[in-house]
There are 2 protein chains.
Amino acid sequence: MRIFCPATVANVNCGFDSLGFALEGIGDEMVFRKTTDKGVTITKITGDDLPMEAHNNVAGVAGNAMLEDIQADFGVAIEIYKKIRCGSGIGSSSASAAGAVYGINQLLDEPLSNLELTRYAMKGEALASGNEHADNVAPCIYGGTTLVTGYSPLKIIALPPMETVYVGILHPHITIKTKEAREILPKTVPLADAIKQSQHLAGFVASLYEWDKELFTESIQDVLVEPHRKQLIPHFDEIRTISKENQCIAFGISGSGPSMFCLAFAKAHIDSYLAKSVALYQENGLQVDSYSSRISGTGCHII
Amino acid sequence: MRIFCPATVANVNCGFDSLGFALEGIGDEMVFRKTTDKGVTITKITGDDLPMEAHNNVAGVAGNAMLEDIQADFGVAIEIYKKIRCGSGIGSSSASAAGAVYGINQLLDEPLSNLELTRYAMKGEALASGNEHADNVAPCIYGGTTLVTGYSPLKIIALPPMETVYVGILHPHITIKTKEAREILPKTVPLADAIKQSQHLAGFVASLYEWDKELFTESIQDVLVEPHRKQLIPHFDEIRTISKENQCIAFGISGSGPSMFCLAFAKAHIDSYLAKSVALYQENGLQVDSYSSRISGTGCHII
């Protein structure tokens, strides 16, 4: 059985640790085979230099957490075809963790819910990031746009689709260590900014239910995190200016970077933004990948 | 022309400065007469000892701001029948400010939108509180539950109705100065709490669109403001315990207090909660008013 596991954008501006969406056409593939030996065996990895030992691999950790918990009477051999670059900030480790539990779920008679799958995938994600976060794994499993409304208990809302929205992803080839991205965040923030951020996230949610484009554009902003993290990404403010000059409606850091996402109501706006941004990086001697995509309505799925 | 202006609950837990709702059956009445003299004249106030001079009265300030801006060729004489106690925390000044602009709007050929009315009412509200806030005046004008998603520009969302929700209001007769309630708030809050509050407000909004009772109950919590302000209200934690013992689903400070609101899915739960809470205050020698209400679908309206 071969599945597709989409790349995802998390920490979407107003939704730090909360809001994420799945991308169409950018993602890994994984192949699953039932084995009589229990537990996960990683039999092949292409596209990246990742550990083959299950306990050191996010897919292995997530898969084994699930297999042990459900007391499965079988094991799973997994091949991983990485297409999403590690450390790019578009959910590379989440795709492997989510893909592992999604794939195993397909082999079960009584499949688990998306919420249960997310819980197991978070255990794999924790191996990569040191923390059990759901804002990448949730959209990778649910598809579309997801909102984490709480962690104890874990609660995830599948939000209404943003059907007419196009996404541009820009991945400058620099390394941002997750630890550095965390340490740069302040421990406390002004109360007024906290209120503003909460209004933005709530406004964003309402804008999807109402499909209010004006509210959508006004709400998808980040006053808490981006001002601190943007210094880690060269030419960030210039790229933002290019996004505005090309009628894009939102721009921000994907995950903890270095990738940036950009949203627009027309594909032409994204294509023009990407071309100009890539040119800017190249002029400055920086390698960069760029992708144009839709938001995917489906998460992991069999191909 | 006689109108009813509902009492309102603002600062609803997760929605500090953002979320408010209108109450049914608790509110002021106001009477409007067109005059040839321009501007607002307050001709009568019953129920409270409030300034009769328009520039010192929230209804006068809001009404005059609107009349001047629209260059009205008439003036208005207003009688105010206060039923909402000043300083109770259920939108007494907002009812007068919102009522004034709503009433004047009814006398116009081309009435203004609710959003425009809210802008003028905020100018009256500023006289009372020192700040232009919209979280009381918006539900007083729109009715139902409203979310302020931003102040520049001002944006207000009328949220889906909470039809099966009952409200209990408890007003212990103590005085909390707005200044004191503001000064007790910290200038900065932990980033983790800011994220949690934003998840709660966004979750609350989603719960209304989905009518997800579980999410509703989990989301309507306040980690930012209540921990600091509750010390201003005697027996706050005991009253909260009573609310939980009576199956109520939410409890918090109304506005900046001293009133507390409580929500439940059954009227019997509210009635039982109110009876026990009133008894607790009386045992402790404190006078208290209590009201049982629904959330009003309409804001100010002609009677």
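Here the structure is a predicted model, which is why all the values come from computation and not from measurement.

**Some remarks on the sheet that holds strand β10 (residues 260-264) of chain A**
Residues and elements named next belong to chain A. The strand order β9-β10-β7-β11 describes an open sheet built from four strands, whose pairing is antiparallel. The two strands at the open ends of the sheet, each matched to only one other strand, are β9 (250-253) and β11 (288-294). Strand after strand, the sheet turns through a mean of 15° between neighbouring axes, direction not considered. For β9 and β10, the ladder comprises four bridges, and the chain directions are antiparallel. Each residue of the ladder has a partner; that of Phe-251, found in β10, is Cys-262. With respect to the sheet, helix α9 (residues 236-245) is in contact with β7 (166-172), β9 and β10, its orientation differing from that of β9 by roughly 160°. Along the sheet face, helix α10 (residues 267-283) touches β7, β9, β10 and β11 and points at about 10° away from the line of β7.

**A look at the domain arrangement of chain A**
Residues and elements named next belong to chain A. Parsing chain A into structural domains produces domain 1 (2-159 + 298-302) and domain 2 (166-294). Computed from C-alpha coordinates alone, the two centres of domain 1 and domain 2 are separated by 24 Å. Carbon and sulfur atoms make up 62% of the area that domain 1 and domain 2 hide from each other, which totals about 2400 Å². The largest share of the area that domain 1 buries against domain 2 comes from Asn-13, Cys-14 and Phe-16, three residues that together contribute 28% of it. For the interface between domain 1 and domain 2, the tally reads one salt bridge.

**Some words on the UniProt feature "domain: GHMP kinase C-terminal" (unreviewed entry) in chain A**
On the UniProt side, "domain: GHMP kinase C-terminal" (unreviewed entry) is annotated at positions that read residues 217-264 of chain A here. With 35% helix and 19% strand, residues 217-264 of chain A has its two end C-alpha atoms placed 10 Å apart.

**Some details on the interface of chain B and chain A**
Each partner contributes residues to the interface: chain B has 36 residues there, and chain A has 36 residues. Summed over both sides, the interface between chain B and chain A buries roughly 2900 Å², with carbon and sulfur atoms accounting for 67% of that surface. Sorting the residues of chain B by area buried against chain A places Leu191(B), Gln199(B) and Tyr209(B) first, and these three jointly supply 22% of that buried surface. In this structure, the connection of chain B to chain A is made through four salt bridges. One salt bridge in this structure joins Lys155(A) and Asp212(B), with 3.4 Å as the shortest N-O distance. Elements that contribute at least two residues to the side of chain B that touches chain A include exactly β5 (145-151), β6 (154-158), β8 (188-190), α6 (191-210) and α7 (213-219) of chain B. Per element, the largest residue contribution to the side of chain B that touches chain A is 13 residues, and it comes from α6(B). Classifying every residue of the side of chain B that touches chain A by side-chain character gives 21 nonpolar, eight polar and seven charged. Summarising the sheet, strand β8 (residues 188-190) of chain A and β8(B) pair through three bridges and their orientation is antiparallel. Within the sheet, the bridge partner assigned to Thr188(A) lies in β8(B) and is Pro190(B).

**Let's talk about the sheet that holds strand β11 (residues 288-294) of chain B**
Residue and element names in this part refer to chain B. Strand order in this open sheet of four strands is β9-β10-β7-β11, and the pairing throughout is antiparallel. Because the sheet does not close on itself, it has two edges, and the strands there are β9 (250-253) and β11. If you compare each strand with its neighbour and ignore which way they point, the axes differ by 15° on average. Here helix α9 (residues 236-245) sits on the sheet in contact with β7 (166-172), β9 and β10 (260-264), set at roughly 160° to β9. Running at roughly 10° to β7, helix α10 (residues 267-283) makes contact with β7, β9, β10 and β11 of the sheet.

**Here's the deal with helix α1 (residues 58-69) of chain B**
Residue and element names in this part refer to chain B. Between the first and last C-alpha of α1 there are 17 Å, a value that for 12 residues agrees with the 16 Å anticipated at 1.5 Å per step. In terms of residue burial, α1 counts as a mostly covered element, since nine of its 12 residues are buried. When we look at burial in α1, the residues that qualify are Val-58, Ala-59, Gly-60, Ala-62, Gly-63, Asn-64, Ala-65, Met-66 and Leu-67. Following α1 by one or two positions, Gln-71 has its phi on the positive side, about 50°.

**Some thoughts on the relation of the copies chain B and chain A**
The pair of chain copies shares a relation made of a rotation about an axis and a shift along it. Superposing chain B onto chain A takes a rotation of 180° combined with a translation of 0.0 Å along the rotation axis, leaving an RMSD of 0.0 Å. The relationship between the two copies is best expressed as a two-fold rotation axis. Interface residue correspondence from chain B to chain A reaches 100%, placing this contact among same-surface, isologous pairings.

**Some thoughts on the side chain of Ser254(A)**
Residues and elements named next belong to chain A. Its location among the elements puts Ser-254 in the loop between β9 and β10. Exposure remark for Ser-254: the relative accessible area of 0% places this residue in the buried category. Among the polar contacts listed, one links the side chain of Ser-254 to the backbone oxygen of Gly-89, at a separation of 2.7 Å. When neighbours within four sequence positions are excluded, Ser-254 is seen to be in contact with Thr-8, Val-9, Ala-10, Gly-89, Ile-90, Ser-259, Met-260 and Phe-261.

Definitions and cut-offs
- Residues numbered from 1 in each chain as written.
- Chains lettered and ligands numbered in written order.
- Predicted model: local features only at pLDDT ≥ 70, side-chain atom pairs only at ≥ 80, totals over all residues.
- Heavy atoms only, no water.
- Pairing = 2+ DSSP bridges.
- Helix = DSSP H or I, 4+ residues; strand = E, 2+ residues; numbered from the N terminus.
- Axes fitted to C-alpha atoms, helices over the stretch in contact; angles between N-to-C directions.
- Contact = heavy atoms within 4.5 Å.
- Domains from an automatic or database assignment.
- Buried area = accessible area lost by both parts, 1.4 Å probe.
- Salt bridge = Lys/Arg side-chain N within 4 Å of Asp/Glu carboxyl O.
- UniProt positions renumbered as here; feature names shortened; annotations may be inferred.
- Nonpolar A, V, L, I, M, F, W, Y, C, P; charged D, E, K, R; others polar.
- Expected span 1.5 Å × (residues − 1).
- Buried < 20%, exposed > 50% of the residue type's maximum accessible area, 1.4 Å probe, protein only.
- Least-squares fit on C-alpha atoms with pLDDT ≥ 70 in both.
- Polar contact = N/O pair within 3.5 Å; in protein donor to acceptor, adjacent residues only side chain to side chain.

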